[in-house]
Amino acid sequence: MPIDAYDIENLIRAAFPNAQVSVQGDDGQHFAATVIDASFKGMNRVQQQRAVYASLKGKMDGPSGALHALALTTKAPE
Amino acid sequence: MSAQDLIRDMVQKNDVVLFMKGTKMMPQCGFSSKVAGILNYIGVEYADVNVLADAEIRQGIKDFSDWPTIPQLYVKGEFVGGCDIAIEMALSGELDQLLAEKGLAFDKSAADKIREANG
């Protein structure tokens, strides 16, 4: 069952309820997401993105990962 | 040797390692190709590990770094990031800084050209 941008946004919002989240992508495989959240303050990029990947609960894993590619942009609010 | 030991060995024995789909001369995925392209262009010496050639490594590397995607770039044993982060660092100059800090050779003028081209 291919995943869509709406599913991804919900998964991220569940983990980051106060974040600014936007997800683009309509081919079912390649997506781009921007997540701006206060919890990222003091985290480096790897830590920020790891937290977002964790919120996708294994949707990305495995050779046939439902989500082949997610281009992530993360930052703390200025 | 388990996949984890193999990976740890690779990451410790090589200054720069890129776990990728395909090889540095023949990448087989757009994201892997972008990162390998940057490293090739700025003349960094690195070991490329083709995760498509070994399913255990392909899954093992994701467990090793707790990062679900390929490619994965390592410098001096430390996980630097995936495709997005590597590109961001190349464009911001952080990659130059990291390589210089770790005493790793690269072509500064080529790195500058990447930034100019992506102005």
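Since the structure is predicted, the reported quantities are computational estimates derived from the model, not experimental observations.

Trainee: How would you summarise the sheet that holds strand E2 (residues 30–36) of chain A if you had to cite specific residues and measurements?
Mentor: Strands belonging to one sheet form pairs held by backbone hydrogen bonds; the direction of such a pair is parallel or antiparallel. Residue and element names in this part refer to chain A. Within the open sheet, the three strands sit side by side as E1-E2-E3. Their pairing is mixed. The sheet terminates laterally at strand E1 (20–24) and strand E3 (69–75), the two strands that pair on one side only. Across this sheet, the average inter-strand angle for adjacent strands is 10°, counted without regard to direction. Inspection of the sheet shows E2 paired to E3 by seven bridges, in the parallel sense. Among the inter-strand pairings, isoleucine 36 is bridged to a residue of E3, identified as lysine 75. Taken strand by strand, helix H2 (residues 45–55) contacts E2 and E3, and its axis lies near 125° from that of E3.

Trainee: Now, about the confidence of the model for chain A: what can you tell me, with residues and values included?
Mentor: For chain A, per-residue confidence averages 86 on the pLDDT scale, and 87% of positions sit at 70 or higher. Here E3 of chain A stands out as the least confident element of chain A, with mean pLDDT 88; E1 of chain A is the most confident, with 96.

Trainee: Tell me about the pairing of E2 of chain A, and name the residues and values.
Mentor: Residue and element names in this part refer to chain A. In this structure, E1 lies alongside E2, joined through five bridges in antiparallel fashion. Bridging across to E2, glutamine 20 finds its partner in isoleucine 36. Here E1 hands over to E2 after five residues, with glycine 25 in that stretch at a positive phi of 135°.

Parameters at a glance
Position numbers for residues start from 1 in each chain and track the written sequence from start to end. Chains carry letters and ligands carry numbers; both start at the beginning, A for chains and 1 for ligands, and go up in the order they are written. In view of the model being predicted, local features appear only for residues whose pLDDT reaches at least 70, and side-chain atom pairs are presented and counted only at 80 or more, with totals across whole chains, interfaces and linings using the full set of residues. Computation of side-chain values: all heavy atoms of the structure, hydrogens and water removed. Two strands qualify as a pair provided that DSSP identifies no fewer than 2 bridges between them. Helix and strand assignments follow DSSP, with helices taken as H or I runs no shorter than four residues and strands as E runs no shorter than two, numbered in order from the N terminus. Note on definitions: angles span 0 to 180 degrees between N-to-C directions of axes, and those axes are lines fitted to C-alpha atoms, for helices only across the stretch in contact. Note on contacts: a residue pair is in contact if any heavy atoms of the two residues lie within 4.5 Å. Each residue carries a pLDDT value, the predictor's own confidence for that position, ranging from 0 to 100.

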